[in-house]
Amino acid sequence: MLALVLAALRARRAQALTLLVLSTLAAAAAAAAPWYVLASTERVATRHMETAPIQERSLETIGETKIEGGSITDIVAAQAELTQQVVGLDGFTVYTQAHVTGQSSTVPASSASEPRSTGSPLVMRTDACEHAVIEGRCATAAGEAMLSYRTARFLRLKAGDPIVFTSTNLNEPAQLTVVGVYRPDDPADPFWSSNSQLVAQSLPTSPPPEITEPVDDAVLVGAATLDAIKPKNVRTITDLIAQPALLVDHQPDVVRAYLDAATVDAANNRLTLTTSIYEVIKDIERDRQLVSLGVPVGAFQLLILCWFALYLAVKYTGEERRPDIGLVKLRGATRGRTWSLVGGQSGLPMLGGAVLGLPLGYLVATAVNGAIRDPAVRDQAFQLSLGAVALAVVGALLAALLAERRSLGASVAELLRQSPARAGAWRDLLDLVLVIIAVAALWQLRNRAEGDVAGLALLAPGLAALAFALVAARLITYGAGRLVEGALRHGRPARALSAIYLARRPGVHRLAALIIVTVALLCTSFLTWNAGQEAGRHRAELEVGADRVLTVRAENRLALLEAVRRADPGGKSAMAAVQSLSSGNDRVLLVDSPRLAAVAAWRPEYGLSAAQTAALLHPKAPDPVYVTGGQLTLDVTNHYTVPDRQRVVVLDVVMADPAGTRTVVRLGPLTEGQQRLTAPVPACTKAPGCRLSSLNIMQSTLEQKIFFASRPGIEVTVHGITQSGPDQTVVGRETLADRSRWRLDVNGVPPNLIVVPATDGLLLKVAPIRTGGATDPGVYPLDAPAPIMSVRARPLKPRLIGDQRVSYGTTALTETIGATAARLPRLGEQGVLVDLEYADRLAADFGAGESLQVWLARDAPPDLPDKLRKEGLIVLGEESIDSVAERYASFGPPLTLQFMLLSAIIGVALAAGATIIVAAVERRPRARELAALRHQGASARLVKRVSIEGYLVLVGVSVLLGLLLAALIHAYVGDVMPYFADGWSAP
């Protein structure tokens with residue numbers, strides 16, 4: 001029997017090979033689905049864990065202890081071990097520390113002026129020196145400490161200076177020696193960002209003007225220091241930072257159960273456990289559910305197409321085998337032998353396809369979605385793949401037997417007859433039932449809640465395609481029949497013969513339905529997937545702002561601005577930007593506007609064009625005043641209206657040095673009458689010099705340790721400001737006397753001065769004392785438009801009282817809203833865009849910002865980051881539109897849509913294979929028919945046209961109907977799955 005089957009297969013090699021290919025595709029699709037789903041669950045977990053905020057990846061235990069007869073190192077290590085035992089899961093990176101809250105102060109003798117202090121805690125962070133750049137050396141011995149660069153700069157300390165730490169947990173203040181100044185190698189690294197005690201995030205309460213950034217960073221010490229000072233209580237902390245392996249190696253519900261139990265166990269062990277990992281677990285579960293639902297639906301839909309294609313293939317090849325079956329029955333073969341002979345001709349290629357499809361499915365799934373990391377999950381995927389392939393093969397065999405059933409049950413006379421009998425009416429009834437089911441499902445999809453039809457939504461395109469295709473296929477055959485008479489009447493025999501073929505050939509409508517369905521599914525899948533890809537890139541462009549954005553460290557905003565301009569003097573490749581997300585109620589983006597059009601990835605949602613926005617934000621303004629000489633001289637006349645011998649009054653000239661740092665030249669004391677005040681300014685000789693920021697009248701007690709805004713009773717007339725060097729005049733009398741060239745602060749703080757133009761200069765009077773609140777002691781050159789121009793995203797934040805202001809850092813500037821936009825880059829639907837240079841001048845706080853950035857254009861030179869480093873910027877991180885779009889493409893919905901697109905591509909291949917089988921099977925009977933036409937006098941050209949026109953018309957019309965159907969489905973059903981699981985949508 002096997003020999004007969006093999007002989008039959010050799011006789012029909014083309015059909016057998018095509019059947020093998022179709023079976024291989026079916027088995028590969030079935031085998032790929034489990035690998036794809038399980039690989040996607042790992043990929044989704046990995047990506048969520050990599051991109052989640054540090055707060056959603058951290059678990060922290062806190063304990064209170066005393067150092068009695070042991071070492072803090074042993075206590076911290078014991079708590080870390082206990083925490084890991086309580087949690088009971090691997091997949092964490094562990095950081096430990098101990099700290100004492102208190103106040104760090106300078107020793108009066110070590111300070112050039114008044115004593116200073118910060119609220120910096122005393123912290124022993126294990127391995128801190130390995131995660132920082134240190135000027136000096138690491139603090140390891142007793143009595144040694146390290147200050148952050150921000151704390152050291154504010155306290156005016158360096159390595160070798162003493163510091164005093166006071167705390168209610170200490171019996172007496174501890175005097176320590178600063179042995180190093182540290183700078184975190186990456187403040188965003190979990191080592192530093194997982195604990196709020198290390199890097200201060202906010203300014204102190206009511207900070208003095210010179211504090212423009214947080215200064216309460218941790219004072220780092222070694223374990224020996226804490227052991228030596230023996231505080232009454234030490235707070236110990238263990239930070240566990242979840243890695244992707246946590247939710248790759250363990251199911252989310254298992255991790256949740258362990259965390260619930262750990263919270264109780266920690267409390268029983270006198271530890272306080274806090275974590276927000278539940279949030280990322282929720283996101284991962286949501287994405288995994290989408291993948292676990294969508295991929296099997298797509299695979300099942302593809303299997304149905306596979307079985308249908310195999311059914312058609314076997315049905316058509318069966319027509320060619322009918323005479324063979326008739327001869328076998330005529331020779332008295334048993335029923336079982338007949339079934340074996342016929343079924344073997346389909347079964348062997350299908351079994352061969354299963355053998356080939358199993359590894360092919362694995363290779364395709366791995367190539368598209370990566371390998372599975374966990375061995376246990378790999379074993380599970382292999383077992384599921386075997387089961388899926390077995391299901392695919394069993395379904396294919398059943399489809400083959402169903403296709404052969406009619407031939408096997410027919411009589412010898414029917415089998416030997418050249419034309420088969422007409423199909424039963426039950427097939428038409430089945431088509432009608434399928435159409436009714438599809439229409440009902442589509443109606444339900446449009447009229448019920450989204451959550452009730454989640455699975456149905458994924459099947460919607462297939463159901464709609466099936467309903468339309470069955471009807472359209474019938475219309476094709478019906479329309480072809482109607483064309484015959486007209487074609488003959490108009491003398492077009494070729495068209496009439498092709499129409500007769502389409503109208504009367506059995507099974508043509510089913511082949512047409514298969515082509516229509518597969519083309520429609522391919523187009524709808526591609527449209528949905530492509531729309532998702534575009535939405536992902538759209539969102540990435542909104543969130544990133546430019547092709548690449550570098551997060552950098554600089555001393556302040558001005559230093560950032562100047563460094564970027566020096567690195568890219570042409571202004572076409574890089575732009576400085578400062579982002580503030582937690583300043584007051586505003587989300588603010590400061591940009592170097594003249595470079596905006598060349599660098600930013602501008603979108604229509606931003607309202608005006610990039611060039612128009614730049615012109616709006618950066619109107620022409622007077623040039624700033626620069627001091628470029630090494631000595632500064634002011635000619636002034638002072639008059640005390642209320643003499644007070646208990647105070648010392650000075651005139652402060654506040655400038656921004658070439659590095660952007662706040663530089664104060666203190667001139668005085670001011671005496672009654674005319675004075676010529678001179679001071680050296682060596683830093684200003686470096687290009688571009690020092691920009692004049694303000695003139696402040698300050699006063700102090702006789703000790704001259706603490707200076708503050710002057711009290712009333714003093715008037716100062718400034719006649720001129722000169723410098724050493726060729727260009728001696730900095731500000732002449734005419735400019736000083738022009739009141740329009742000077743402004744008071746626009747920061748919302750009441751001014752401390754009354755500014756009046758005088759005939760020979762600028763008269764500054766101290767205003768009457770105001771009750772409560774701080775005052776601004778300065779008068780500023782008008783080198784920026786005030787109020788500042790802005791572009792705001794809708795909706796505007798309502799202002800109940802006062803004028804419209806934009807706030808960032810410690811500044812709140814009066815603004816004029818020049819335009820509104822639906823969204824703004826990096827800020828989204830709520831925020832404000834202003835010019836960086838003008839905002840920095842108007843603020844006059846010499847601050848930095850929450851996020852200092854350098855935006856790079858797509859065609860930026862590859863060595864530009866190196867040039868930025870040479871200009872003093874430290875690159876902390878980088879993100880790009882491509883990387884963010886790729887990140888969104890690796891979450892659950894995009895992975896599901898990707899699989900459905902791959903399934904649709906395989907479906908089209910199945911339809912092509914079925915068409916090839918039909919053509920191969922019909923080759924002999926069609927040849928006989930065409931030969932008969934030649935004998936009856938038909939021309940060779942007519943016969944040739946008829947031989948191919950029927951297939952071309954069938955495929956062409958089916959493809960066109962499939963495209964039309966795809967457009968209708970996409971318009972009616974829409975996207976079957978949102979690309980963003982968090983609900984984000986384009987405006």
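Within any chain, residue numbers begin from 1 and follow the written order of that chain's sequence. In keeping with the predicted nature of the model, local features appear solely for residues at pLDDT of at least 70, side-chain atom pairs appear and are counted solely at 80 or more, and the whole-chain, interface and lining totals rest on all residues. In computing side-chain properties, one takes all heavy atoms of the structure into account and sets aside hydrogens as well as water.

**Student:** Is there a simple way to think about the overall build of the chain in this case?
**Tutor:** In terms of helices and strands, the chain carries 26 helices and 34 strands. Relative to its full complement of 987 residues, the chain shows a buried share of 52%. Contacts: residue pairs with any heavy atoms within 4.5 Å of one another. Counting only contacts in the chain whose residues sit at least 6 apart along the sequence, the fraction spanning at least 24 positions is 81%. Residue-level accessible areas treat just the shown protein chains as cover; the underlying method is Shrake-Rupley with a 1.4 Å probe. Carbon and sulfur atoms make up 57% of the accessible area of the chain, which amounts to about 43,300 Å² in all. Helical segments are the DSSP runs of H or I of at least four residues, strand segments are the runs of E of at least two, and each set is numbered from the N terminus. Summary of the burial criterion: residues with accessible area below 20% of their type's maximum are buried, those above 50% are exposed, and those between are partly exposed, where the area comes from a 1.4 Å probe applied to protein chains only.

**Student:** Got a minute to help me understand the packing of aromatic side chains in this structure?
**Tutor:** Given two aromatic rings, one states the distance between the centres and the angle between the planes to describe the pair. The criterion for an aromatic pair is that two Phe, Tyr or Trp rings (for Trp, the six-membered ring) have centres within 6.5 Å, with stacked assigned to planes under 30 degrees apart, edge-to-face to planes over 60 apart and tilted to the rest. Within this structure, the stated rule accounts for 9 aromatic pairs. With a centroid separation of 5.8 Å and 10° between ring planes, the pair formed by tyrosine 182 and tryptophan 192 is classed as stacked. Taken together, the residues tyrosine 182 in strand 9 (residues 174-184) and tryptophan 192 in helix 5 (residues 190-193) connect sequence positions 10 residues apart. Where phenylalanine 191 meets tryptophan 192, the ring centres are 5.1 Å apart and the plane angle is 75°; that geometry is what we call edge-to-face. Among the residues examined, phenylalanine 191 registers a relative accessible area of 0% and is labelled buried. Through a chain of ring-to-ring contacts, three or more aromatic side chains come together here, namely Tyr95, Tyr182, Phe191 and Trp192. A cation over an aromatic ring shows up here: arginine 539 above the ring of phenylalanine 980, its NZ or CZ 4.8 Å from the ring centre. Positioned above the aromatic ring of tyrosine 888, the side-chain terminus of arginine 887 is 5.0 Å from the ring centre. Charges are assigned to positions over rings by a cutoff of 6 Å between ring centre and Lys NZ or Arg CZ, combined with an angular limit of 35 degrees from the ring normal.

**Student:** Looking at this model, I keep getting lost on the packing of helix 17 (residues 557-567) against helix 21 (residues 836-843). Mind explaining?
**Tutor:** Each pair of packed helices can be described by the angle between their axes along with the distance between the axes. Note on geometry: axes are C-alpha line fits, over the in-contact stretch for helices, and angles between N-to-C directions span 0 to 180 degrees. Look at helix 17 against helix 21: their axes get within 10 Å of each other, and the N-to-C directions meet at 150°. One element, helix 17, and the other, helix 21, form an angle in the roughly antiparallel class. Crossing of helix 17 over helix 21 shows left-handed handedness. Along its contact with helix 17, which presents Arg557, Leu558, Leu561 and Arg565, the element helix 21 presents Leu836, Glu837, Asp840 and Ala843. Gly counts as polar in this scheme, as do all residues outside two lists: the nonpolar Ala, Val, Leu, Ile, Met, Phe, Trp, Tyr, Cys and Pro, and the charged Asp, Glu, Lys and Arg. Counted by class, the contact of helix 17 with helix 21 contains 4 nonpolar, no polar and 4 charged residues. An angle counts as roughly parallel when it lies under 35 degrees, as roughly antiparallel when it exceeds 145, as roughly perpendicular when it falls between 65 and 115, and as oblique in every other case. By definition, any crossing whose near helix is turned counterclockwise from its far helix by less than a right angle is left-handed, and any crossing with a clockwise turn is right-handed.

**Student:** In this structure, what is going on with the environment of arginine 256? I would like to understand it.
**Tutor:** Tracing the chain through its elements places arginine 256 in helix 8 (residues 252-268). Beyond its immediate sequence surroundings of up to four residues, arginine 256 is in contact with Tyr278, Ile281 and Glu285.

**Student:** Whenever I open this one, the side chain of glutamine 579 confuses me. Can you help?
**Tutor:** Tracing the sequence through the fold places glutamine 579 in strand 14 (residues 574-583). When its relative accessible area of 6% is taken as the criterion, glutamine 579 is described as buried. Of the polar contacts made by the side chain of glutamine 579, one reaches the side chain of glutamine 853; its length is 2.8 Å. If near-sequence neighbours (up to four positions away) are discounted, glutamine 579 is found in contact with Val588, Leu589, Arg826, Leu827, Glu850, Ser851 and Gln853. Side-chain atoms alone can form a polar contact between residues adjacent in sequence; in general such a contact is a pair of N or O atoms within 3.5 Å, and within protein one must be able to donate a hydrogen while the other accepts it.

**Student:** It is not clear to me how the state of the cysteines should be interpreted in this structure. Could you clarify?
**Tutor:** Simply put, the disulfide is a covalent bond whose two ends are the sulfur atoms of two cysteines. Note on terminology: disulfide denotes any pair of cysteine sulfur atoms within 2.5 Å. Applying the stated criterion to the full structure yields 2 disulfides. Each sulfur in the disulfide pair cysteine 129 and cysteine 138 lies 1.8 Å from the other. Its S-S torsion of about 70° marks the bond between cysteine 129 and cysteine 138 as right-handed, since a negative value means left-handed. A sulfur-sulfur distance of 2.1 Å marks the disulfide that ties cysteine 684 to cysteine 690.

**Student:** Explain helix 8 here, please?
**Tutor:** Note: α-helices contain 3.6 residues per turn, so residues at a spacing of three or four share the same orientation. Taking 1.5 Å of rise per residue, the 17 residues of helix 8 would be expected to cover 24 Å, and the 25 Å separating its terminal C-alpha atoms lies within 8% of that figure. Turning to helix 8, its buried residues are Pro252, Val255, Leu259, Ala262 and Ala266. Trailing helix 8 by a residue or two, arginine 270 shows a phi angle of about 60°, which is positive. Each residue after the first adds 1.5 Å to the expected span of a helix.

**Student:** Honestly, the nonpolar core in this entry has me stumped. Any pointers?
**Tutor:** Among soluble globular proteins, nonpolar side chains are generally buried collectively. Residues Leu511, Leu514, Ile516 and Leu910 are the most contacted members of the largest nonpolar core, which totals 53 residues. Listing elements by their share of this core, those giving two or more residues are helix 2 (13-51), helix 9 (277-330), helix 11 (375-409), helix 14 (454-489), helix 16 (508-544), helix 24 (892-921) and helix 26 (940-973). Among the elements that make up this core, the one with the highest residue count is helix 16 (12 residues). Setting aside residues up to four positions removed in sequence, isoleucine 516 forms contacts with Ala469, Ala472, Ala473, Ile476, Ser958, Leu961, Gly962 and Leu965. Counting residues in hydrophobic clusters, the runner-up holds 39 residues, among them Val588, Val806, Val832 and Leu868. The criterion is simple. A nonpolar core is a set of buried Ala, Val, Leu, Ile, Met, Phe, Trp, Tyr and Cys residues joined through side-chain atoms within 4.5 Å.

**Student:** Would you explain helix 16 in this entry?
**Tutor:** Over its 37 residues, helix 16 extends 53 Å from the first C-alpha to the last, a length consistent with the 54 Å expected when each residue adds 1.5 Å. By the criterion of burial, helix 16 is predominantly enclosed, with 26 of the 37 residues buried. Just downstream of helix 16, glycine 545 is the residue with a positive phi angle, here 100°.

**Student:** What is the right way to look at the environment of lysine 282 in this model?
**Tutor:** Locating lysine 282 in the fold gives a position in helix 9. Of the residues examined, lysine 282 reaches a relative accessible area of 56% and is grouped as exposed. Considered as a pair, lysine 282 and proline 252 are 30 residues apart in the sequence and their alpha carbons are 8.1 Å apart.

**Student:** Before we go on, may I ask you to explain the pairing of strand 11 (residues 234-242) in this structure?
**Tutor:** Two faces belong to every sheet, and in a regular strand the side chains alternate between them. Burial within strand 11 is extensive, with 8 of its 9 residues counted as buried. Strands are treated as partners if at least two bridges between them are detected by DSSP. For strand 1 (residues 58-65) and strand 11, the ladder comprises 8 bridges, and the chain directions are antiparallel. Following the sheet pairing, serine 58 is matched in strand 11 by isoleucine 241. With 8 bridges joining them, strand 2 (residues 92-100) and strand 11 adopt antiparallel strand pairing.

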